[in-house]
Amino acid sequence: MIRRQRLAAGVCALLAALTAGLAFPAGAVADETEQAAPKVELVLDVSGSMRTRDIDGGTRMAAAKQAFNEVLDATPEEVELGIRTLGANYHGNDRKEGCKDTAQLYPVGPLNRTDAKTAVATLAPTGWTPIGPALLKAADDLNGGSGTRRIVLISDGQDTCQPLDPCEVAREIAAKGIGLTIDTLGLVPDAKTRAQLSCIADATGGTYTDVRHKEELSDRVGQLVDRAADPVVTPVATSGADRCEKAPALKSGLYTDREEFGQQRWYKVDVEPGQELRASVSVADDRAVGPNYGVLLRAVTVHGREIVRGEAAGTGRTDVISTGLRYPKQESDDDTATAETVCLEVTQSFSAASGVKTTPGLPLELTVDVVDGPSGHHDVAAFGLGRGWWLLGALVLIGFLAGLLWGWLSRWRVAVWRTN
């Protein structure tokens, strides 16, 4: 019995070692690229409805102040933080004036916690709810630099300054390609408020959260501020052309663009002999669209001959659709061989729902990676297994050891049976 337990323990140890090898492949290293300081602006609704007492027995304004104080204490040193208000200063009934009521309470920059808390303490629920104008100003506050930029909007009601639709404002901000994300939090929201705040977040790739308790508000705002400090890759804004000849030349990297409904966008990539082009594209439906759609990514020569394609289709159940392709360019024995220009064509078949604006176009994210191509001896094996040979070998070894263990246990049981 003791020998059987030791053998089983040895097999388990071997499996654990193999599993560790799968989970942490050799050569994996952290990206230590230094990035610019992340910037966050908290945008707080200070309209009259914030007097409502429905969050843990207190007013919505009191819950927001407590959350801000806790978040200010916990803000990472490397984050530059600012605070903007909407509806905090105008006490009158003139809608035109009320829709201008947005001000920067604390400028975006290195945080002085005492000054920021003092500024928040002076706030009192006052006026209108100009969400659209406040978002435009907040985007200007965060303009410039290459680090992470995030707006955290906290509101308890819909924008009262239509026809400046805050959802359209968010789409316009996203269309600028400045890599700015808007996260929204709804304080005890109704269905219309929830829909509007969700639309704002979706337009920029942000998140929406329902909040009904003080602790939820503090925790969520703190999470979003901390998230800004996480290293990210910021897409580079580009503008595709209507044909390959005019297309921008791209190198390896992450790019963002906008594409009108049913439009084609072209980009160019140079691929040297012995290299492999790997490209993928994602298109997001940031507004109401028809139930059936698709995206096509083609690699073609400058003369129009198709090399390879990738395509995907959707039925309205996802808000992002993606596809990709790979093109290995064979090495040449000719030392004078030059790079080949590959044209990438992106086509999508989204259709706008009735009454939905078609501009700006749908957000498009394109990933381009030009790497050393596979070699016949190391990367591509017979039978199309490629690098899967080592995994096949591991499975064979595991099967062999399992067979030995099973055979030994069977012989032991037979021996026991004969003895008895």
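Structure: above.
Residues numbered from 1 in each chain as written. Predicted model: local features only at pLDDT ≥ 70, side-chain atom pairs only at ≥ 80, totals over all residues. Heavy atoms only, no water.

Details of a negative patch on the surface
There is a patch of like negative charges on the surface, built from Asp56, Glu70, Glu215, Glu216 and Asp219. The element that contributes the greatest number of residues to the negative patch is helix α8 (residues 214-228), accounting for three residues. Asp219 gets classed as partly exposed once you look at its relative accessible area, which sits at 41%. (Patch = residues over 30% accessible without salt bridge, like charges linked within 9 Å, V, L, I, M, F, W, Y side chains within 5 Å. Areas by Shrake-Rupley, 256 points an atom, 1.4 Å probe, with all protein chains shown as cover. Salt bridge = Lys/Arg side-chain N within 4 Å of Asp/Glu carboxyl O. Lys, Arg positive; Asp, Glu negative; His and termini not counted. Charge placed at Lys NZ, Arg CZ, Asp CG, Glu CD. Helix = DSSP H or I, 4+ residues; strand = E, 2+ residues; numbered from the N terminus. Buried < 20%, exposed > 50% of the residue type's maximum accessible area, 1.4 Å probe, protein only.)

Focus: the packing of aromatic side chains
Between two aromatic rings, the relevant description is the distance of the centres plus the angle of the planes. Using the criterion set out here, one finds one aromatic pair in the structure. Between Tyr293 and Phe350, the ring centres sit 4.5 Å apart and the planes meet at 15°, which makes this aromatic pair stacked. Residue Tyr293 is located in strand β14 (residues 293-300), and its partner Phe350 is located in the loop between β17 (340-348) and β18 (362-372); the two are separated by 57 residues in the primary sequence. A single burial state applies to Tyr293 and to Phe350, both of which are buried. (Phe/Tyr/Trp six-rings, centres within 6.5 Å; stacked < 30°, edge-to-face > 60°.)

Re the sheet that holds strand β5 (residues 102-109)
Pairing in this open sheet of six strands is mixed, and the strands run β5-β4-β1-β6-β7-β8 from one edge to the other. Two strands bound the open sheet, and with one partner strand each, they are β5 and β8 (208-211). On average, each strand axis in the sheet is inclined to that of its neighbour by 15°, with strand direction left out of account. (Pairing = 2+ DSSP bridges. Axes fitted to C-alpha atoms, helices over the stretch in contact; angles between N-to-C directions.)

Side note on a nonpolar patch on the surface
Side chains of Trp390, Leu391 and Leu395 sit close together on the surface and give an oily, nonpolar patch of about 330 Å² of accessible area. Position of Leu391 among the secondary structure elements: in helix α9 (residues 389-419). Residue class for Leu391 comes out partly exposed when judged on its relative accessible area of 37%.

Some thoughts on the packing of helix α2 (residues 60-74) against α8
Contact geometry of α2 with α8 gives a least axis separation of 9 Å together with a crossing angle of 35°. When you trace α2 past α8, the crossing you get is right-handed. Contact with α2, carried on its side by Ala63, Ala64, Gln66, Ala67, Glu70, Val71 and Ala74, involves Lys214, Leu217, Ser218, Val221, Gly222, Val225 and Asp226 of α8 and no other residues of that element. Here the contact of α2 with α8 is built from residues that sort into eight nonpolar, three polar and three charged. (Left-handed = near helix turned anticlockwise from the far one by under 90°. Contact = heavy atoms within 4.5 Å. Nonpolar A, V, L, I, M, F, W, Y, C, P; charged D, E, K, R; others polar.)

Focus: the state of the cysteines
The full count for this structure, using the stated rule, is three disulfides. Between the sulfur atoms of Cys99 and its disulfide partner Cys161 the distance amounts to 2.0 Å. Here the S-S torsion is close to -100°, and the disulfide linking Cys99 with Cys161 is therefore left-handed. Taken together, the residues Cys99 in the loop between α3 (95-98) and β5 and Cys161 in the loop between β6 (149-155) and α6 (166-175) connect sequence positions 62 residues apart. (Disulfide = S-S within 2.5 Å.)

Observations concerning the pattern of salt bridges
Evaluated as defined, the whole model comprises 21 salt bridges. Its salt-bridge partner being Asp141, residue Arg84 comes within 2.8 Å of it at the nearest N-O pair. In this pair, Arg84 is assigned in strand β4 (residues 80-86) and Asp141 in helix α5 (residues 131-141), connecting sequence segments 57 residues apart. We classify Arg84 as buried; its relative accessible area is 6%. Several salt bridges share partner residues, and in doing so they unite Arg298, Glu306, Arg309 and Glu345 into one network.

Some details on the nonpolar core
Formed by 32 residues in total, the largest nonpolar core has its most connected members in Leu42, Leu44, Ile154, Leu185, Leu217, Val221 and Val225. If you list the elements that add at least two residues to this core, you get β1 (39-45), α2, β4, α4 (113-121), β6, β7 (180-187) and α8. Residue contributions to this core peak at seven residues, all from α2. Those residues within four positions of Val225 in sequence are excluded, and the remaining contacts are Val40, Leu42, Val71, Thr75, Pro76, Val79 and Leu81. One finds Val269, Leu277, Ala279 and Leu325 within the second-largest nonpolar core, a separate group that totals 27 residues. (Core = buried A, V, L, I, M, F, W, Y, C linked by side-chain atoms within 4.5 Å.)

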